[in-house]
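Observations on chain architecture
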Amino acid sequence: MRLEFILNGRSESWEIAANESLLAALRRHGVFSVKHGCETGECGACAVLLDGVPTTSCTLLAAQAHGHTVTTVEALGAYPEQGWRHTAGLHPIQQAFVETGAIQCGYCTPALVLTAYALLQRNPNPTEAEVRQALSGVLCRCTGYVKPVEAVLLAAARMRGEPLAGRPPAWGVGGDQPSPPAPEYSPTLPSPNLPSPALPFGSLATTQTQVLPEVVVAPVQARHVGAAVPKVDAVKLVQGKPAFAADFELRGMLVGKLLHSPIAHGYIKRIDVSKARALPGVHAVLTYQDVPRVAHSTAGQSDPIPGPLDFFSLDRKVRFVGDRVAAVAAETEEIARRALELIEVEYEELPAVLDPRASMAPGAPVIHDEPDYVPFGECDPQRNLAARIHIQLGDVDEAFKRADHVFEGEYEVPRVQQAPIEPYVCITYWDEDDRLVIRTSTQVPFHVRRMLAPVLGLPVKRIRVIKPRIGGGFGNKQEVMLEDICAHLTIATGRPVKMEYTREEQFSASTSRHSMIIRLRTGVMNDGRIVANEMRILSDTGAYGNHALTVTGNTGHKAMSLYPANKGPDGQSHIRFVADIVYTNLPPAGAFRGYGVPQGFFALESHMERIARELGLDPLQFRLMNVIQAGEEHPMSRAWSEGREAHGEIIRTCAIAECARVGAELIGWGSGGPVDQEIGKLGGEDTPSPLYQSTNLPAPNLPSPILRGQGVAFVMQGTAIPNLDMGAASIKLNDDGSFNLLVGATDLGTGSDTVLAQMAADILGCEPEDIIVYSSDTDFTPFDKGAYASSTTYISGGAVAEAARKVAAQIQQVAGQMLGVPAEEVVLAERRAWAPDGRSVTLAEVALESLHHTNQHQIMAVGSWMSPDSPPPFAAQFAQVAVDVETGQVTVEKLAMVLDCGVIVNPLTASGQVEGGMAQALGYAICEEMAFDRHGRLLNPRFGPYHIFTADEMPEMQVRFVETFEPTHPFGVKAVAEIPLDGVAPAVANAVYAATGVQITAIPLTPERVWRALGHKKGRW
Ligand code: FES
Ligand code: FES
């Protein structure tokens, strides 16, 4: 049938199928700003304006647009510079999104921009609440909505012509002040080129601290590091350009689909694919009988994989509801789905293990009984044990005997989904040299290539992995999830194949955060000194052991190090960490931003709160008394290093005390006023303890029966994996003085491409816009272990600094000859090379000299970087909540996080990371949980019932950075990406504890859980 409509101001006439969605039709015609995030109208990524009204195009038939006007972001503005053709540039809303840092992965950005456009068309002067309400139909998993809301308000002001709207609002780090101006550059200053990587800049103390944005303490002699530079990829993302994996088309491309297991555990007794294969348009149907059986891990990690090899592309056994049964490649998605329906499968069902507590019980069904299972470490598949960790520092039992008090507690954290708005998506094809190209939304392109070579029976050199823009990953895409099966289909058919998960598949046949049951036992002296600490974990890895060992090892490595339990007379740490990571017949767990650490800190910081309360100690002072200090050795560093040999690491920078001070001020903590608000009907024995004088909230104005309280949590993370994570970068000078920076690092939306460009620009004396960043392609970019472990700014940044330093030296050499001065006297700045007497040549002139005139050669270099240290960032997280004791509803009113993440390279991207991370962590605290029925079927595999926060549900969020200069890095940086996930849940739970006097030891704090806990306290149960 024909669809006649107006698209972006032009009349269109398209041939469409009667059942084709408007989303599919638009994308088929190259309108790629309209994204797929679900199929149910719940994420808003597919938003278009239908006759000016925001509408989800995935739930609208294309035929319904007949006779209507459809507007997409493609209609809104152009790149400002289009050669001789002049354009008006970006639309003010797009411009504001770029300037305010409202774009992270950018997958939701076109929908947010379009929705904002519709709002401002009908209401040019919206309030913040109206903006949040308007944006609430579009889910963003990255930003926490702070900067998108700022962007819309800024654009509205500009569109109204208000004089103060000439610059973006404060970038949020300081909240009320603009970014500090870049220092004036003077060519007579000492060289801005970097000193030795082992040394800090200048001679200032490396641990002196200062809160951004007032001053950058360790005054890096740099113009761009520390500046709120807009993201280098912002313009294409705000325009909805085809930058993502699914925005790529090839002639003859087939659609791949998977048949998933409907049972939790069993064997495929009989499978008949003959009808599916006979269906016209079907090109391949693969089962376990068709593909090589190669035991491997899906975890994208360095070689050797620190875990069991227990996964097969297709297997006769299925181990969870959603496990793979068969794969189909067909001409269209509809034919592929029909083919899946025609596959006949008979299962021999086995008893399933759905509770990790039952997994190792005698007689429990064995989930991995395959003879070709490849074990790792202390795993024991016969007991469903995927990994085991046992670490002991000092004489723990003796230390417990000496303690005045021993506190024990059990805490439980749920399985939650990363929920990137872009689902898994991958395209595979043979190129003209018969090399297999895998274009995939992955965090780990080099690991994908290495790991898939044996699975596919191809040498590494015949595989090329291209990573386009990624629509959010959060650890979910540190997994080889679709690439193997998509490649098998290309090998089987010889045709390009595209596979993309539906949202339901993304939830039920993907990875998630490990659920854990955590027991803590802590020995404390009367005055609050911690002398012994023990953590025992039962961790559920689900059906496969990808990341089993390393995630849970990280839980102990970070959570058990914050308070090193060394306050006894011997000054030694007395710590025991024991973990059993067990298989169950549930979807596999995996990497999720924070990588095991949020679980540990929920338990630890809840436990610390209880100890402080029961000992009558101020919770902040108690923590500060016991927290690790700069100069101490990281207690777990000699005991654990993700499968590598561990060695001692000294904590060189730690500003946690300053973070706590600043955070307490922000939230209004501890200034001696009345406390956690009574309000309400609990009264009597339920009244919060008078010992807990921790806040000075204003007089309550909340209706009874609401209680209000504040909570705190201290957290630490790591920065990359020491002696393991390696990144490399290459830099090449072009004729015009610009540079190509090629990195294997993968920008997930974090802004890493931008901060790498800032670092390079400072060393090369140019502007970040002169650095053309490309990441990543295993054929062209140097190796990088990928985006995980909060490592890119530190590791890949080190590599960029190294490459830039080498390129700078080559430029100085050529320029020195041109200027007749020694190379070492040449200073690079302002796109020029300067002689001491003030003469200069441009970088373009240097490039032309070396490429075309004298001693011709290409100025370029490669740098590699690896660190023996993993310097921890630290943070203090505060929360304020209101609890309705009648319904159990917890409303988080404020979150404030103050972080020591070393030098902040880009306050815009760093604060965006923190805001987005806190938003994800808020879901972990309050509402997110994957729920299964007694058959192991996921009950909430959609955004609606799973629920991630929307723009109008967010609390007030404040972010501050307390800078330190980490001396193990050329630019003094530490990690920022993961630590925001660690503290929100315990801070919120502690705030509920403060408000109600009831400690709840499991998350999420759903109304039912809170109501039950309060009811239990009151003797209702
Ligand atoms: S609402 Fe349409 S893709 Fe999610
Ligand atoms: S920027 Fe919104 S989903 Fe990534």
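Residues numbered from 1 in each chain as written. Chains lettered and ligands numbered in written order. Predicted model: local features only at pLDDT ≥ 70, side-chain atom pairs only at ≥ 80, totals over all residues. Heavy atoms only, no water.

To continue, consider the pattern of salt bridges. Tallying each qualifying case throughout the model produces 61 salt bridges. The partner of Glu928 in a salt bridge is Arg141, and the shortest N-O contact between them spans 2.8 Å. Of this pair, Glu928 sits in the loop between α21 (907-926) and α22 (943-946) while Arg141 sits in the loop between α4 (128-135) and α5 (146-159), placing them 787 residues apart in sequence. Like Glu928, the residue Arg141 is buried in the burial classification. Between Glu767 and Arg223 there is a salt bridge, and its shortest N-O distance comes to 2.9 Å. Of this pair, Glu767 sits in the loop between α18 (752-764) and β27 (771-774) while Arg223 sits in the loop between β8 (210-211) and α6 (234-238), and the two are 544 residues apart along the sequence. Put simply, Asp397, Glu408, Arg521, Glu534, Arg536 and Arg576 are held in one network by salt bridges that share partners. (Salt bridge = Lys/Arg side-chain N within 4 Å of Asp/Glu carboxyl O. Helix = DSSP H or I, 4+ residues; strand = E, 2+ residues; numbered from the N terminus. Buried < 20%, exposed > 50% of the residue type's maximum accessible area, 1.4 Å probe, protein only.)

Enumeration according to the criterion identifies twelve aromatic pairs in this entry. With centroids separated by 6.4 Å and ring planes inclined at 80 degrees, the aromatic side chains of Phe320 and Tyr544 adopt a geometry described as edge-to-face. With Phe320 in the loop between β12 (317-318) and β13 (324-330) and Tyr544 in the loop between β22 (530-542) and α14 (548-559), the pair connects residues that are 224 residues apart, well separated along the chain. Like Tyr544, Phe320 is buried. Ring geometry for Tyr373 versus Tyr583: centroids 6.5 Å apart, planes at 80 degrees, classification edge-to-face. (Phe/Tyr/Trp six-rings, centres within 6.5 Å; stacked < 30°, edge-to-face > 60°.)

Here we take up the sheet that holds strand β30 (residues 840-842). Spatial ordering of the open sheet is given by β28-β29-β30, a layout of three strands whose pairing is antiparallel. Edge strands, defined here as strands with exactly one partner in the open sheet, are β28 (827-829) and β30. Sheet twist, expressed as the average angle between the axes of neighbouring strands with direction ignored, equals 25 degrees. Pairing geometry for β28 and strand β29 (residues 832-834), over three bridges, is antiparallel. Within β29, the residue paired with Val827 across the bridge is Trp834. Across the sheet, helix α20 (residues 843-853) touches β29 and β30, and the angle it forms with β30 is around 75 degrees. (Pairing = 2+ DSSP bridges. Axes fitted to C-alpha atoms, helices over the stretch in contact; angles between N-to-C directions. Contact = heavy atoms within 4.5 Å.)

On to the sheet that holds strand β31 (residues 860-866). As summarised here, the arrangement of the four strands in space is β27-β26-β25-β31, forming an open sheet in which the pairing is mixed. At either end of the open sheet lies a strand with only one pairing partner, and these are β27 and β31. Averaged over all pairs of adjacent strands, the angle between their axes in this sheet comes to 20 degrees, without regard to strand direction. As defined by bridge partners, strand β25 (residues 726-733) adjoins β31 across seven bridges and the pair is classed as antiparallel. Residue pairing across strands places Ser730 opposite Val862, the latter belonging to β31. Its contacts with the sheet put helix α19 (residues 792-819) on β25, β26 (739-743) and β31, and the angle it makes with β31 is roughly 150 degrees.

The next thing to look at is the side chain of Asp777. When you line up the elements, Asp777 lands in the loop between β27 and α19. Under the relative-accessibility criterion, Asp777 is labelled buried at 0%. Of note is the side chain of Asp777, whose polar atom sits 2.8 Å from the backbone nitrogen of Asp779. Ignoring sequence-local partners within four residues, the contact set of Asp777 consists of Phe446, Arg464, Val465 and Ile466. (Polar contact = N/O pair within 3.5 Å; in protein donor to acceptor, adjacent residues only side chain to side chain.)

Next up on the list: the packing of α19 against α20. Closest axis-to-axis distance for the α19/α20 pair is 10 Å, and the angle between their directions is 90 degrees. Taken as axis vectors, α19 and α20 run roughly perpendicular relative to one another. Across the interface between the two elements, Ile811, Val814, Ala815 and Met818 from α19 touch Leu843, Glu845, Val846, Glu849 and Ser850 from α20. Here the residues of the contact of α19 with α20 sort into six nonpolar, one polar and two charged. (Parallel < 35°, antiparallel > 145°, perpendicular 65-115°, else oblique. Nonpolar A, V, L, I, M, F, W, Y, C, P; charged D, E, K, R; others polar.)

Counting residues in hydrophobic clusters, the biggest one holds 174 residues, and the most contacted among them are Phe97, Phe714, Val988 and Leu1005. Excluding its chain neighbours within four sequence positions, the residues that come into contact with Phe97 are Ala102, Ile103, Thr109, Leu112, Val113, Pro148, Ala151, Val152 and Val238. One finds Ala222, Ala760, Cys766 and Ala803 within the second-largest nonpolar core, a separate group that totals 51 residues. (Core = buried A, V, L, I, M, F, W, Y, C linked by side-chain atoms within 4.5 Å.)

Take Ala63: it is sitting in the loop between β4 (53-56) and β5 (69-71). Distance from Ala63 to Ala18, taken between C-alpha atoms, is 6.7 Å for residues 45 residues apart in sequence. The residues contacting Ala63, other than those within four sequence positions of it, are Met1 and Ile16.

To continue, consider the packing of helix α15 (residues 597-615) against helix α16 (residues 619-626). At a minimum axis distance of 9 Å, the contact between α15 and α16 shows a crossing angle of 115 degrees. Between α15 and α16, the angle is such that the two are roughly perpendicular. The handedness of the crossing between α15 and α16 is right-handed. Seen from α15, the contacting residues are Glu605, Met608, Glu609, Ile611 and Ala612; seen from α16, they are Pro619, Phe622 and Arg623. Residues belonging to the contact of α15 with α16 are distributed by class as follows: five nonpolar, no polar and three charged. (Left-handed = near helix turned anticlockwise from the far one by under 90°.)

In this section: the pairing of β25. Along a regular strand, successive side chains alternate from one face of the sheet to the other. Burial within β25 is extensive, with six of its eight residues counted as buried. Two strands pair when backbone bridges link them, and β25 and β26 are joined in this way by five bridges, in the antiparallel orientation. Within the sheet, the bridge partner assigned to Lys732 lies in β26 and is Asn740. The antiparallel pairing of β25 with β26 creates a hairpin that spans five residues between the two strands, and Gly737 there sits at a positive phi of about 85 degrees.

As for its placement among the helices and strands, His260 is situated in strand β9 (residues 254-260). Of note is the side chain of His260, whose polar atom sits 2.7 Å from the backbone oxygen of Gly322. Ignoring anything within four residues of it in the chain, the contact list for His260 reads Gly322, Asp323, Val325, Tyr347, Tyr501, Glu505 and Ala509.

As a further point, take helix α2 (residues 92-100). Buried residues dominate α2, accounting for seven of its nine residues. All of the buried residues in α2 are Ile93, Gln94, Ala96, Phe97, Val98, Glu99 and Thr100. Contact partners of the buried residues in α2: α3 (109-122), α5, α6 and α21. At the exit of α2 stands Gly101, carrying a positive phi of roughly 75 degrees.

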